[in-house]
Amino acid sequence: MPKTSLNGTVVAQRPINRYSSLDNAPVRVGLLTSASERDLIVLAGIPKEAASRLVALRRKGPLRSTYDLLGEGGISQTDLERIRRSVLFFEDPRLVITDVVPSAGRIMSERSFAIRVQFAAVASPPIFVRVEVEWAGEPFLVEKKVSARDRRGGFVSIPFGKRQTLPAGPAVFRVALTNGTGAQAKFRITCVVLPSNPFSLGLAPKSDFVTGTFSARGVRDGNAYNTSISVTLSNGDSRAVSVRQQFTWKFWDGGVGGSLVEQGTGGFPDPIAVPAFGTWGGWIAFHSPQGSGVFNKYDGKEDMTIEIIMTRTDGTQVSGTITCRTMFRFGVNVTQVAFEDFFGQEGADLDAAAEVTRTIYERRDITFDTDDRGINRARAGPFENITSESEARDLWEQWSGPNSNNNIDAFVVDSLAIPISGGGTADGLDGDIPGPTSHAGRNSGTVQNKSGFVDSSGAPRLHVEYLGMLMGHELGHYLGLSHTSDAGNLMLPSSGTTDTNLTYEQYRKMIRHGWVSID
Ligand SMILES: [Zn+2]
């Protein structure tokens with residue numbers, strides 16, 4: 001009888017307090033009024049001549065912005081830009097979060113902790129801080145006033161008390177500081193909450209540790225189903241822990257302790273040492289051929305539970321479980337309109353945004369494949385910058401497709417400014433609710449603004465999380481969802497980065513769209 005086989009590999013780990021590739025990196029900002037020439041060279045990355053010119057000009061009178069330097073000469077345009085990004089001027093109104101870290105260096109499960117927010121400001125210091133926490137359960141919010149003492153110190157500590165402790169696993173902290181003018185500075189970090197007990201094994205459907213409740217999925221591959229899971233060992237102890245390479249795996253019908261579908265042993269290629277206060281990651285890819293127990297359960301659309309049991313070299317066992325099931329699936333043509341506009345990192349940012357969208361949908365057991373497409377600027381013509389709904393409909397009429405695939409067309413344009421009733425403009429638009437199961441006509445697609453900005457190193461980038469949410473929102477319309485007023489829902493009329501929930505009712509509606517099929 002055919003049996004499930006597997007392959008185990010090792011996955012490189014990111015730092016425990018910067019666990020996601022979407023996290024912000026610390027930034028260094030200086031105060032022009034007090035920075036030395038040496039500070040300016042290091043902070044702004046400018047040549048010595050430019051730094052000494054800046055110090056000389058500072059002596060003549062207060063410098064309020066780079067505009068005060070424009071007519072002075074001796075500093076190149078590029079260096080002016082570097083100075084603008086890394087230095088706060090006299091009476092500068094800007095507020096910058098320079099770093100966010102757990103105050104004790106780490107967060108332990110089921111224990112109180114604090115998050116330290118470091119900032120730089122001159123004329124408009126922060127008066128209020130809020131932290132949104134995403135973890136396996138319901139997201140929650142902690143808010144606090146920033147005291148005069150905090151402002152003098154350049155940082156504020158936000159305590160999480162006994163009723164705000166977290167279980168072991170990943171947690172995302174989104175920090176916003178607000179100043180007296182209402183302006184905000186934002187920063188995001190993902191921390192691995194380490195087990196206090198002090199060792200745990202977590203299973204997830206992706207190598208990038210994700211928050212929320214996810215299932216692993218069985219993906220049909222010819223006459224087989226493939227199931228991949230990531231294994232994360234977390235160590236909350238001050239000593240490294242050695243774990244045996246060999247592990248036991250079990251597929252249970254329903255939950256653990258029901259009837260066993262298949263089981264066996266496998267191994268990781270290298271000896272396992274989980275560092276003190278750190279993590280180790282592995283990846284297991286199961287292959288279940290036709291006729292195997294796991295294949296038959298997937299084919300019968302039944303849920304199973306995967307259990308992984310590992311053994312420390314001292315003989316104690318550690319285990320974790322995850323539900324697995326087949327998913328519903330659709331396809332998306334992600335088309336860069338005027339692809340010459342997607343500079344450098346922006347192409348990779350668009351891929352990362354599609355991954356954010358996929359994560360939003362997979363949390364509801366729907367996944368999608370993307371076909372990355374592009375239209376060059378010469379052929380895109382007016383569609384590079386869309387200013388009206390009829391222009392968007394012209395784009396769908398002329399460019400959706402090809403007819404050889406049944407994918408939803410998601411066009412990403414350099415700018416989108418379609419006026420909406422009540423003022424302002426929309427960042428995204430969908431042809432119809434639901435969209436057609438054909439590429440013909442003037443309703444067959446979605447379009448979204450690429451949401452670009454320039455990062456602190458001067459590189460053009462995309463707002464990955466916002467764009468991922470935006471694409472997800474427009475795809476939701478195409479799959480039949482109307483707007484809702486549920487807080488945190490993806491389909492809020494003006495949904496923001498953290499509005500990513502989909503309800504069970506919305507899931508039931510989307511899987512009835514003719515372009516959604518069982519995986
Ligand atoms: Zn909408």
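Before reading on, note that the structure itself is shown above.
Residues numbered from 1 in each chain as written. Predicted model: local features only at pLDDT ≥ 70, side-chain atom pairs only at ≥ 80, totals over all residues. Heavy atoms only, no water.

Colleague: How would you summarise the coordination of the zinc ion if you had to cite specific residues and measurements?
Modeller: Around the zinc ion, the protein contributes the donor atoms His 473 (NE2), His 477 (NE2) and His 483 (NE2), at 2.0 to 2.1 Å from the metal centre. Between consecutive donors of the zinc ion, the numbers of intervening residues give the motif H-x3-H-x5-H. Under the relative-accessibility criterion, His 477 is labelled buried at 7%. (Donors = N, O, S within 2.8 Å, 3.2 Å for Na, K, Ca; no water. Buried < 20%, exposed > 50% of the residue type's maximum accessible area, 1.4 Å probe, protein only.)

Colleague: Describe the packing of helix H1 (residues 37–44) against helix H2 (residues 48–60), with residues and values.
Modeller: Direction vectors running N to C along H1 and H2 enclose 130 degrees, while the axes themselves pass 9 Å from each other. By the angle between their directions, the pair H1 and H2 is classed as oblique. Relative to H2, the crossing made by H1 is right-handed. When H1 is examined against H2, the residues Glu 37, Leu 40 and Ile 41 are found in contact with a partner set consisting of Lys 48, Ala 51, Ser 52, Leu 54 and Val 55. (Axes fitted to C-alpha atoms, helices over the stretch in contact; angles between N-to-C directions. Helix = DSSP H or I, 4+ residues; strand = E, 2+ residues; numbered from the N terminus. Parallel < 35°, antiparallel > 145°, perpendicular 65-115°, else oblique. Left-handed = near helix turned anticlockwise from the far one by under 90°. Contact = heavy atoms within 4.5 Å.)

Colleague: Any chance you could break down the side chain of Thr 335 for me, citing the residues and the numbers?
Modeller: Structurally, Thr 335 can be placed in strand E21 (residues 328–337). Assessed through its relative accessible area of 4%, Thr 335 is described here as buried. With residues up to four places along the chain from it excluded, the contact list for Thr 335 reads Arg 373, Gly 374, Ile 375, Ala 410, Phe 411 and Val 412.

Colleague: Tell me about the sheet that holds strand E10 (residues 169–179), residues and numbers included.
Modeller: Taking strand neighbours across the sheet as the criterion, the 5 strands line up as E5-E11-E10-E7-E8 in an open arrangement whose pairing is mixed. At either margin of the open sheet sits one strand with a lone partner, and together these are strand E5 (107–108) and strand E8 (140–145). In terms of strand pairing, strand E7 (residues 126–134) meets E8 through 6 bridges, oriented antiparallel. Within E8, the residue paired with Val 129 across the bridge is Lys 144. (Pairing = 2+ DSSP bridges.)

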